[in-house]
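The primary structure of each chain is shown beneath.
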Amino acid sequence: MMQEQTTTGLIADIGGTNARFSLVSPGVAEAQSPLVLACGDYPGLAEAAEAYLEAVAPPVRPRHGAFAIASPVLGDQIAFTNSNWSFSISALRDRLELERLEVVNDFTAVALSVPLLADEDKVAVGGGVPTFGAPIAILGPGTGLGVATLMAAKTGWRPIPTEGGHATMAAVDEKEASVLAWLRGRFGHVSAERVLSGPGLTNLHQAISDLAGRPTSGLAPHEVSKLALEGDALAIETQDMFFSMLGTFTGNLALLSGARGGVVIAGGIVPHLLDAFLASAFRRRFEDKGRFRSYLEAIPVHVITHRYPAFIGLRGLIG
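All of the points below concern the structure found in this document. Owing to the predicted nature of the structure, the values given are computational and were not obtained by experimental measurement.

With that settled, consider the packing of helix α5 (residues 174-187) against helix α6 (residues 198-211). Here α5 crosses α6 at 110°, and the two axes come no closer than 9 Å. Relative to α6, the element α5 lies roughly perpendicular. The handedness of the crossing between α5 and α6 is right-handed. Residues S178, V179, W182, L183, R186 and F187 of α5 form the contact with α6, whose participating residues are N203, L204, Q206, A207, I208, D210 and L211.

What follows is the structure, encoded as structure tokens:
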């Protein structure tokens with residue numbers, strides 16, 4: 001029992017909307033007792049974690065923890081980018097009675113999962129064969145836009161978290177330029193995350209609708225996608241622009257990171273809209289870089305379809 005007590009762990013993937021928890025135990029590959037809680041139902045991460053432990057009632061209290069959070073991890077004090085949660089790592093560790101708590105950026109955890117994913121956990125979106133040992137770029141639209149890079153190291157792979165989602169979004173044509181100009185009037189700086197995220201889908205729909213003379217108060221992302229599925233012209237245009245801009249941004253990321261090892265797309269949006277994504281202009285936009293088209297044509301892109309990729313990466317941090 002003592003050995004089990006020192007090795008059973010608590011892992012969590014905390015975004016701006018959902019808090020995903022699971023237990024891990026030695027010799028068990030799959031996440032145990034996974035549960036998704038709505039962040040809005042709890043005042044903070046500690047309360048959500050305690051609610052999870054109370055709900056699953058593990059026979060042995062976890063002693064080690066590894067949490068992935070949608071925020072930069074620059075010290076003991078953490079403030080989420082897309083929610084009002086904040087916490088101290090040391091105080092959270094003590095409150096949950098953990099001997100050790102590792103806290104990393106959420107896309108560090110996703111990046112760590114990439115070399116461990118099975119073929120059935122991802123879908124190919126064109127390209128050739130990855131170059132062995134070359135960097136791999138990871139991004140994912142969700143409540144925000146996460147970005148990370150995997151670099152080859154002597155001991156395996158080294159994840160490099162970034163805040164690339166907050167880089168300025170560029171327009172490719174006049175229509176995109178007019179939409180971004182509309183958004184600049186509202187936000188000032190228009191980052192990639194302002195358009196390539198759940199809230200970004202809402203932002204794009206508002207801009208496109210207003211420019212078409214049909215202003216809207218702002219639909220939720222799932223409402224925009226539902227309208228697109230039903231054939232609404234403005235919603236279809238919104239979704240098409242979302243995927244096209246994602247292709248532009250992803251191609252930029254591949255060039256900036258030298259990601260000849262491939263590009264991997266995670267997050268909650270693309271897997272949920274996979275059929276529309278595969279039929280979109282994403283890949284054409286990804287490769288549309290003038291003289292470097294052939295460079296990008298060779299780079300494979302995959303979409304992660306595994307439900308909890310961050311859990312795979314976090315498991316290795318438990319020890």
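Right, let's get into unusual backbone geometry. Within the chain, A57 stands out as a residue other than glycine whose phi angle is a positive 45°. The residue A57 is located in the loop between α2 (45-56) and β4 (64-69) in this model. Although it is not a glycine, E97 sits at a positive phi angle of roughly 60°. Counting through the fold element by element, E97 comes out in the loop between α3 (89-95) and β7 (100-105).

Between α5 and helix α8 (residues 233-257), the least distance of the axes is 12 Å, while the angle of their chain directions is 100°. Relative to α8, the element α5 lies roughly perpendicular. Counted together, K175, E176, V179 and L180 of α5 and E237, M241, S244 and M245 of α8 form the full contact between these two elements. Broken down by class, the residue content of the contact of α5 with α8 amounts to four nonpolar, one polar and three charged.

Turning to the sheet that holds strand β13 (residues 301-304), a few remarks are in order. Within the open sheet, the six strands sit side by side as β8-β13-β12-β9-β10-β11. Their pairing is mixed. The open sheet has two edge strands with one neighbour each: β8 (122-124) and β11 (156-162). Averaged over all pairs of adjacent strands, the angle between strand axes in this sheet comes to 25°, irrespective of strand direction. Relative to β13, strand β12 (residues 263-265) runs parallel, the two sharing three bridges. In the strand pairing of β13, I265 is matched with V303.

On to the layout of surface pockets, then. Over the atoms rolls a probe the size of a water molecule, and its path tells where empty space is left. Looking at the largest pocket, its volume works out to about 1,100 Å³. The wall of the largest pocket is formed by 49 residues, among which R20, G142, T143, G267 and G268 lie closest to the centre. Taken together, the residues that form the lining of the largest pocket break down as 18 nonpolar, 25 polar and six charged.

On to the pattern of salt bridges. Scanning all chains against the criterion turns up 12 salt bridges. For the salt bridge of R95 with E50, the shortest nitrogen-to-oxygen distance reads 3.0 Å. Highlighted residues: R95 in helix α3 and E50 in helix α2, separated in sequence by 45 residues. Residue classification places R95 among the partly exposed positions, given a relative accessible area of 40%. With relative accessibility at 28%, the residue E50 sits in the partly exposed group. In this structure, E102 and R100 form a salt bridge, with 3.4 Å as the shortest nitrogen-oxygen distance. Each of E47, E50 and R95 takes part in salt bridges that share partners, so that together they form one network.

So, on to the packing of aromatic side chains. Per the counting criterion, the structure on display carries 10 aromatic pairs. Every member of this aromatic cluster is reached through a ring pair, and the members are F242, F243, F277, F282 and F286.

Time to look at α6. Compared with the 20 Å implied by 1.5 Å per residue over 14 residues, the 20 Å span of α6 between its first and last C-alpha is a close match. Here α6 lies mainly inside the structure; 11 of its 14 residues are buried. Listed as buried for α6 are G198, G200, L201, T202, N203, L204, H205, Q206, A207, I208 and S209. Against the buried residues of α6 lie α5, α7 (221-229), α8 and α9 (269-272). The residue sitting at the N-terminus of α6 and contributing the capping side-chain oxygen is S197; that oxygen lies 2.9 Å from the backbone nitrogen of G200.

So, about the side chain of T250. Within the fold, T250 resides in helix α8. Owing to a relative accessible area of 0%, T250 belongs among the buried residues under this scheme. Apart from the residues within four sequence positions on either side, T250 is in contact with L139, V263, F282 and F286.

Calculation rules
- Residues numbered from 1 in each chain as written.
- Predicted model: local features only at pLDDT ≥ 70, side-chain atom pairs only at ≥ 80, totals over all residues.
- Heavy atoms only, no water.
- Axes fitted to C-alpha atoms, helices over the stretch in contact; angles between N-to-C directions.
- Helix = DSSP H or I, 4+ residues; strand = E, 2+ residues; numbered from the N terminus.
- Parallel < 35°, antiparallel > 145°, perpendicular 65-115°, else oblique.
- Left-handed = near helix turned anticlockwise from the far one by under 90°.
- Contact = heavy atoms within 4.5 Å.
- Nonpolar A, V, L, I, M, F, W, Y, C, P; charged D, E, K, R; others polar.
- Pairing = 2+ DSSP bridges.
- 1 Å grid on protein atoms, 1.4 Å probe; cavity = no way out; pocket = protein on both sides within 12 Å on 5 of 7 lines; lining within 4 Å.
- Points joined across faces, edges and corners; volume = space filled by probe spheres on them.
- Salt bridge = Lys/Arg side-chain N within 4 Å of Asp/Glu carboxyl O.
- Buried < 20%, exposed > 50% of the residue type's maximum accessible area, 1.4 Å probe, protein only.
- Phe/Tyr/Trp six-rings, centres within 6.5 Å; stacked < 30°, edge-to-face > 60°.
- Expected span 1.5 Å × (residues − 1).
- Polar contact = N/O pair within 3.5 Å; in protein donor to acceptor, adjacent residues only side chain to side chain.

No statement about biological role is implied by the geometric values presented.
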